[in-house]
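For reference, the chains in residue letters:
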Amino acid sequence: MLSLIRGNVVDLPTNYSLSYYWCGGFMISSFLVIQIISGIILSLLYVADSLLSFGCVLNMTSDGLFIWFVRYMHIWGVTFIFILFFVHMGRSLYYSSYSKLGVWNVGFVLYLLMMVEAFLGYILPWHQMSYWAATVLTSILQSVPYVGSGLYKFVVGGFSVTNVTLVRVFSAHVCLAFIIVGLSVIHLFYLHKNGSNNPLFISGGYSDIVLFHSYFTTKDGFVLIMLLFITGGLMLWFPDFVLDVESYIEADPLVTPVSIKPEWYFLAFYAMLRSVESKVGGLILVLLFLLVLWLPTLNKSCSYSVLRQLVYWLCVSEFVLLSYLGACHPEAPYVIISKVSSFSLVLLVGLYKVFWAVPYSGGVFYGLRRD
């Protein structure tokens, strides 16, 4: 066991040119550990009951400072995990890391499972926004042809979101967390097996190396401490910044909020769903975007191409714009802008990953050097 840890942490050969952008994986793993520990503590106090859950969650924040700290650390931990996820995936797209099939495939599955895990956790407080977000998003399952009705009843446990749904969500939320941990280990295995990408596009990634300790352990530790300081500061000064006002209103099936919206990291997908009048069409558009985003092409284009950088930053801008539009009320001109942005984002990501073929700088193309 010690030799395994030493070979993967201490004596791991790592490319010297890796910048702070390559700290994202360690940061996500660290915050995932924090989420697991805080989640276990909260699960011991939580009651999965539609009549008691809301009061139980509120009592957690008023019973004592320790439980208040644990709960808000859990809330802010999700936010930081998705910020780090977007930076991590953005760096992977920028430097064509999707060409490393094993690492990219497992990492993309981790992203999808993390979104499911975050959505399940968002339902558990059973406040107005969580209840109605669950009602709206689960209703999309009914639009799936042939199996939609049966799939919806299987997920929610009846004809609508009820106490049965809450019990299932709590169980799935706990179990899925450990599946994510297992896949994270597999992701790390593929990364160490194939070698990490690097900003200089050195073939193989191990041509100019140093040992992981102490050069990169110091760098990762510094970034982690800084992020924890930022998290602590935000928790103390703006604890409810990432919570909606409806979070302090108990779920009421008879009263619909004026504007139903999910958490900020789902807003871009929510804008895509709303940009098409048909639920099936919106679902197909989101699935098409995820398919194009996942597509593990062997396109190892050089990131220093100015035109390719323009396409990349257009993709980032479109995604940020959709996140803003997802929080807006579905009315003109937001709806038409969402439609244009959604379709253009899919086309731009497809152009970036599939139809681009600019060789490496210095004559390296697809891992081969021209003599």
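- The name an unreviewed UniProt entry assigns to the protein chain is Cytochrome b, from the organism Cyathocotyle prussica.
- Per its UniProt entry, the protein chain bears the Subcellular location (unreviewed entry) comment "Mitochondrion inner membrane".

A few points about the layout of surface pockets
Okay, step 1: In this structure, the second largest pocket occupies an estimated 1100 Å³ of space.
Okay, step 2: In terms of lining, the second largest pocket is formed by 30 residues, of which the most central are M115, V116, F119, L137 and L141.
Okay, step 3: A class-by-class count of the residues in the lining of the second largest pocket yields 27 nonpolar, two polar and one charged.
Okay, step 4: The two domains that each donate at least three residues to the lining of the second largest pocket are domain 1 (12-196 + 209-256) and domain 2 (261-355).

A look at unusual backbone geometry
Okay, step 1: Along the chain, A332 connects to P333 via a cis peptide bond; the corresponding omega equals 0°.
Okay, step 2: Looking at where P333 falls in the secondary structure, it is placed in the loop between α12 (306-326) and α13 (334-353).
Okay, step 3: One non-glycine residue, W126, lies in the positive phi region at around 60°.
Okay, step 4: Inspection of the secondary structure assignment puts W126 in the loop between α5 (101-123) and α6 (128-138).

Focus on the packing of α5 against α6
Okay, step 1: Put simply, α5 and α6 touch, their axes get as near as 8 Å, and they point 130° apart. Comparing their axes, α6 and α5 come out oblique. In this structure, α5 uses F119, Y122 and I123 to contact α6, whose residues at the interface are M129, S130, A133, A134 and L137.
Okay, step 2: Split into classes, the residues belonging to the contact of α5 with α6 amount to seven nonpolar, one polar and no charged.

Observations concerning the packing of helix α10 (residues 267-275) against helix α11 (residues 279-294)
Each packed pair of helices is defined by two parameters, the angle between the axes and the distance between the axes.
Okay, step 1: At a closest axis distance of 7 Å, the pairing of α10 and α11 adopts a crossing angle of 135°. Viewed along their axes, α10 and α11 adopt a mutual orientation that is oblique. When the axes of α10 and α11 are compared, the crossing they make is right-handed. Between α10, through F269, M272, L273 and S275, and α11, the contact on the second element is made entirely by G282, L283, L285, V286, F289 and L290.
Okay, step 2: In terms of residue class, the contact of α10 with α11 is made up of eight nonpolar, two polar and no charged.

Observations concerning the nonpolar core
Okay, step 1: Residues F31, F82, F269, F289 and L345 are the most contacted members of the largest nonpolar core, which totals 95 residues.
Okay, step 2: By residue number, the principal contributor to this core is helix α4 (residues 65-94), which donates 16 residues.
Okay, step 3: Taken together, domain 1 (12-196 + 209-256) and domain 2 (261-355) each give at least three residues to this core, which thus spans both.
Okay, step 4: Aside from chain neighbours lying at most four places away, what touches L345 is M272, F289, C315, E318, F319 and L322.

Structural notes on the side chain of E117
Okay, step 1: The residue E117 is located in helix α5 in this model.
Okay, step 2: Although E117 lies buried, it forms no salt bridge, and the closest oppositely charged side chain, R71, sits 15 Å away as judged by the N-O distance.
Okay, step 3: Not counting the four nearest positions on each side in its chain, E117 is found in contact with A172, H173, L176, A177 and I180.

Structural notes on a nonpolar patch on the surface
Okay, step 1: A grouping of I40, L44, L45, V174 and F178 is seen on the molecular surface, where their side chains present a nonpolar patch of about 480 Å² in accessible area.
Okay, step 2: Of all the secondary structure elements, the ones that give two or more residues to the nonpolar patch are α2 (24-45) and α8 (163-194).
Okay, step 3: If you trace the backbone, L44 turns up in helix α2.
Okay, step 4: Using a relative accessible area of 71% as the deciding quantity, one classes L44 as exposed.

Thoughts on the packing of aromatic side chains
Okay, step 1: In this structure the tally under the stated criterion is 28 aromatic pairs.
Okay, step 2: Ring geometry for W68 versus Y72: centroids 4.9 Å apart, planes at 35°, classification tilted. With W68 and Y72 both in helix α4 and four residues apart, the pair spans about one turn of that helix. Take W68 and Y72: they sit in the same class, and that class is buried.
Okay, step 3: Ring plane angle 75° and centroid distance 4.9 Å describe the contact between Y215 and F216, whose orientation is recorded as edge-to-face.
Okay, step 4: A cation over a ring is seen here: K219 above Y20, with NZ or CZ 5.0 Å from the ring centre.
Okay, step 5: Sitting above the plane of the Y352 ring, R308 keeps its charged end 4.0 Å from the centroid.

Reading guide: rules and limits
Within any chain, residue numbers begin from 1 and follow the written order of that chain's sequence. With pLDDT at 70 or above as the cut-off, local features in this predicted model cover only qualifying residues; side-chain atom pairs require 80 or more to be listed or tallied, and sums for whole chains, interfaces and linings still use all residues. Calculation of side-chain values draws on the structure's entire complement of heavy atoms; hydrogens and water are dropped beforehand. UniProt positions are given in the numbering used here, feature names are shortened, and annotations may be inferred rather than shown by experiment. A pocket here means an open set of points on a 1 Å grid, computed over the protein atoms alone, that has protein on both sides within 12 Å along at least five of seven lines. A cavity is instead a set of points where a 1.4 Å probe fits but cannot get out; residues with an atom within 4 Å of a point line either one. Grid points are joined across faces, edges and corners, and a volume is the space filled by probe spheres set on the points. Throughout, the ten residues Ala, Val, Leu, Ile, Met, Phe, Trp, Tyr, Cys and Pro are labelled nonpolar, Asp, Glu, Lys and Arg are labelled charged, and all others, Gly among them, are labelled polar. Delimitation of the domains relies on an automatic or database domain assignment. Put simply, DSSP H or I for four residues or longer makes a helix, DSSP E for two residues or longer makes a strand, and each gets a number counted from the N terminus. To get an axis, a line is fitted to the C-alpha atoms, and for a helix only the part in contact is used. The angle between two axes follows their N-to-C directions and goes from 0 to 180 degrees. Any angle from 65 to 115 degrees is called roughly perpendicular, while one under 35 is roughly parallel, one over 145 is roughly antiparallel, and all others are oblique. Contacts are assigned to residue pairs with any non-hydrogen atoms lying within 4.5 Å of each other. For any pair of crossing helices, the crossing counts as left-handed if the nearer helix is rotated counterclockwise from the farther one by less than a right angle, and right-handed if it is rotated clockwise. Residue types Ala, Val, Leu, Ile, Met, Phe, Trp, Tyr and Cys, when buried and joined through side-chain atoms within 4.5 Å, form a set referred to as a nonpolar core. Only protein chains enter the accessibility calculation, which uses a 1.4 Å probe; a residue whose area is less than 20% of its type maximum is buried, one above 50% is exposed, and one in between is partly exposed. Positive residues here are Lys and Arg, negative ones are Asp and Glu, while His and the chain termini are left out of the count. Throughout this description, the term salt bridge denotes a Lys or Arg side-chain nitrogen within 4 Å of a carboxyl oxygen of Asp or Glu. Exposure above 30% relative accessible area and the absence of a salt bridge qualify a residue for a patch, where like charges join within 9 Å and nonpolar side chains (Val, Leu, Ile, Met, Phe, Trp, Tyr) within 5 Å. In these tables, accessible area is a Shrake-Rupley quantity obtained with a 1.4 Å probe, and a residue counts as shielded only by the protein chains included in the view. Between the rings of Phe, Tyr and Trp (Trp by its six-membered ring), a pair exists once the centres lie within 6.5 Å; its type follows the angle of the planes, with under 30 degrees stacked, over 60 edge-to-face, and the other angles tilted. Here, over-ring charges are defined by two tests on the NZ atom of lysine or the CZ atom of arginine: distance to the ring centre within 6 Å, and angle to the ring normal within 35 degrees.

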